[in-house]
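# Understanding the architecture of this molecule
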Amino acid sequence: MIRLRRMGIDDKEFDFDQLKELRAGLDSGVDVTLYAKKEFLAIQMREIRQGLEEGLDVSRYASMDYDWFQMEEIRKGLRASLNVDCYASPEIPYDKMRQVRKGLALGIDLSRFLKLNAKTLRQLRKAYVSKVNIVDYVKKGYEPEQLDEIRQALEKKLDIDPYLIKEMRGIAIHEICIGLEEGLDVSQYAKIEYSWQQMRELRRGLENRVDISQYSNSMYSAPQMKEIRLGLEAGLDVSGYRSLVYTATDMEKKRNKILEDFARAIVAKSREPVKIEDFIISVSGDELEAYLEIRGSTDNAYQKQEILQALEKEGIKEGILTEEIDRILEQRQYNAPVLIAKGKKPQKGADGWYEYFFETNPEKNQTLLEDGSVDYETVFWFEMVKEGERVACYHEAEEGEPGFTVTGKVLPTTRGREQKVLSCQGVLLLYDKTTYVASIDGRIELKENQLSVSSVYILDEVTRKSGNVDFEGSVLIRGKVERGTEVRAARDIVVEGDIGDCVLQCGGSLLVRKGAKGIKEGKLDAGENVAGKYFDSVKIYAGKDVYANYMVNCEIYAENQVIIPGGKGVLAGGLVQAVEGIRVHHLGNQNGVETIVRMGVNKTLLKEQRLLERKMERVHNDLSVLGNVYLKYHRKYKPEVRNTMDMYLKIEAAIYAKEKEEEELYRKKQEMAERIEKMENVKAIIHGKLFEGTIFEIDQLRWHAKAASNITVKRMGERIAVYSN
């Protein structure tokens, strides 16, 4: 390296990785003399070089007193113009530095808690972000894993305090939190004598409405509890195997034996026919049917009592079809088998079910106009309930009806399966364990197994005089939203009046009943769907789909689709970016207005992919450098020596951390690849007319459309193809 020698630096003192960092510094024009020291590991050199390239005061950390992780945290703090004096000390481990740095970026100084471990600092920082206070729990000495669960419980407004026991592990507290969220009586298992695995089995039993008293004994192991629970959920009589003397494996075998007994009759072989005088009697393998064949001349007359005695002698005592016996004798139906007795299969009890006192699927009540478009002015978006109002009722599973065989055996039945307890938010499960009532006024909805009532802020209108709106629940505006105002909601926003050039932003869906026009300075931004009668010259972002009856000159971005139904639906002018495609009636207009439709992989996703690849490359390089140093220590020192060296142990820990990071990045890469693959089949479906002036962009391909009707546009290899519908 001639350039290094000119600077008085002996390149022979450095290994390959160190020289690589020096060359990189020379190429970027920084003063490499600040880190051209053989004592620095290559990965430390990298942190100093990056700081120099970013124009930072690297003297704050360019010292052998800091390991590379500490250097990184100080560098990131300097780059963000934070007060690194709060944590830039060699005595402070990097993981504590990281939490203080992230706290400073949020405006909180955690340096006063530096006596605590890094994981506790992390929980304090997260609590600050979510605006809950866990300081008292920290003072009481709760461990980080416990604090993590307590913090999340406080964020969800769960009353966790009555059930907290210092000796409980964090994962046990987690089981209690799940139960509280679901409205279960957690006092039945929130006890120190239970392990978290036992708590889980008891919680699952409560969820599935079984009698947990049959296994709520801490002497049972969690696997034993599981076997008893599974039997109860299947409606079995578990008394035969729930003794503590049986292992979980024994219990499983006995549980499966009971289930097999139910099925055995179906696969059993038929008995050999038995001849009693002139009567041949045969019984099916499951003993649910018996047949009689009278062998003899039709001149012979037999008595009913003779047949009954023959059946009794063969053990057939139930389900005898006496009318059939009368018929056989009357018609003298001989020399052919006739069904003479019939048993009854057991009937499983009806499963438990929920009855809801509100519309669980509001979308199905949409009113369609004659042309197939949606009447957004009357669309049913969500339902409101009052505190104390009954919103759901659970109907318990029923007992089954036992069966019987023709030989008199009772065939046991099983009780119907209970449904899981609903997870509740803003809803209370009453003591009868079947009735759900709203605990607050608000909007009710059912998503999967969660029943929730969230607050709704109802306003007559939003004006500059009334001020902006920022609400944690949903917002319903009966009238107008004036130009220059902002409405933000954590859930949904519904506007029933006119809207001006404003900002409407929500985490859920956004409905503008009358539509919107001229929102260029503001925007409509929803985490889920955006819907309205029409949109004219509007900026829209939707985390899912965008719906309207027509859209003109808009700038639209949809993570899923843009959908315009109805025979008069039009999308014309502006820019539409729909990751998963569009479904419209007419696209463009007869005047040839420029309408750009972008579909498939977008620039944002490609940027994310490039950033991910760069991160993976950086982690791979870090692992390579660390691996080389790790091998050096192995060659130079014996195990008993290197295992006591602080730097070696740091390198070993760093390799483990980087390998975990690499695994997580690889998982994200796989997810992204699956998402991109899904987008390869993206399409635009036009049911009406496609006009010239429309431009399609799919991935890197571009096509100026020709006039056509009722077609589908999609990518086919390296070209954009058009198909008739």
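A few points on the structure. Position numbers for residues start from 1 in each chain and track the written sequence from start to end. Local features in a predicted model are, by the rule used here, given only for residues with pLDDT of at least 70; side-chain atom pairs are given and counted only at 80 or more, and totals for whole chains, interfaces and linings are based on all residues. Just so you know, side-chain values use all the structure's heavy atoms and leave hydrogens and water out.

### Overview of the pairing of strand S20 (residues 503-506)
- Two strands qualify as a pair provided that DSSP identifies no fewer than 2 bridges between them. Going along the chain from the N terminus, every DSSP run of H or I of four or more residues is numbered as a helix, and every run of E of two or more is numbered as a strand. Note that strand S18 (residues 486-489) and S20 share 4 bridges and pair parallel. Looking at S20, one finds that Arg488 is bridged to Gln505.
- The sheet contact formed by S20 and strand S22 (residues 516-526) spans 4 bridges and is parallel. When the bridges of S22 are listed, Val503 appears paired with Lys523.

### Some details on the packing of helix H5 (residues 94-105) against helix H6 (residues 118-129)
- One way to put it is that H5 packs onto H6 with a least axis distance of 8 Å and a crossing angle of 15°. The orientation of H5 with respect to H6, classified from their angle, is roughly parallel. Classified by chirality, the crossing of H6 by H5 is left-handed. Contacts from Asp95, Lys96, Gln99, Lys102 and Gly103 of H5 reach H6 at Ala118, Leu121, Arg122 and Arg125.
- Classifying every residue of the contact of H5 with H6 gives 2 nonpolar, 2 polar and 5 charged. Angular values range over 0 to 180 degrees, each being the angle between N-to-C directions of two axes fitted as lines to C-alpha atoms, with helices fitted over their stretch in contact. Small angles under 35 degrees read as roughly parallel and large ones over 145 as roughly antiparallel, with 65 to 115 read as roughly perpendicular and the rest as oblique. Helix crossings fall into two classes, left-handed where the near helix is turned counterclockwise from the far one by less than a right angle and right-handed where it is turned clockwise. Working rule for contacts: check all heavy atoms of both residues, and any pair within 4.5 Å makes them a contact. Side-chain classes are defined by residue name, with Ala, Val, Leu, Ile, Met, Phe, Trp, Tyr, Cys and Pro counting as nonpolar, Asp, Glu, Lys and Arg as charged, and the others, Gly among them, as polar.

### Quick notes on the nonpolar core
- Among the nonpolar cores identified, the biggest contains 89 residues, and Ile48, Tyr87, Ile176, Tyr215, Val391, Tyr436 and Leu451 are the most heavily contacted of them.
- Not counting chain neighbours up to four residues away, the residues in contact with Val391 comprise Glu355, Tyr356, Phe357, Phe358, Val385, Val427, Tyr436, Val437, Ala438, Ile444 and Leu451.
- In this description, a nonpolar core means a group of buried Ala, Val, Leu, Ile, Met, Phe, Trp, Tyr and Cys residues linked to one another through side-chain atoms lying within 4.5 Å. Exposure classes here rest on a 1.4 Å probe applied to the protein chains alone. A residue is buried below 20% of its type maximum, exposed above 50%, and partly exposed in between. Membership of the second largest hydrophobic core comes to 52 residues, among which are Val462, Ile493, Ile540 and Ile556.

### Considering the packing of aromatic side chains
- Within 6.5 Å between ring centres, the rings of Phe, Tyr and Trp (the latter by its six-membered ring) count as paired, and their orientation is classed by plane angle as stacked under 30 degrees, edge-to-face over 60, tilted in between. Per the stated rule, a full pass over the model turns up 16 aromatic pairs.
- Summarising the aromatic geometry, the rings of Tyr534 and Tyr550 are spaced 5.4 Å apart at their centres and angled 15° between planes, so their arrangement reads as stacked. Linking Tyr534 in strand S23 (residues 530-542) with Tyr550 in strand S24 (residues 546-558), this pair joins segments that are 16 residues apart in sequence.
- Judged by relative accessible area, Tyr550 falls into the partly exposed class, the value being 35%.
- One aromatic cluster is present, built from ring pairs that chain together Tyr354, Tyr356, Phe358, Tyr394 and Tyr436.

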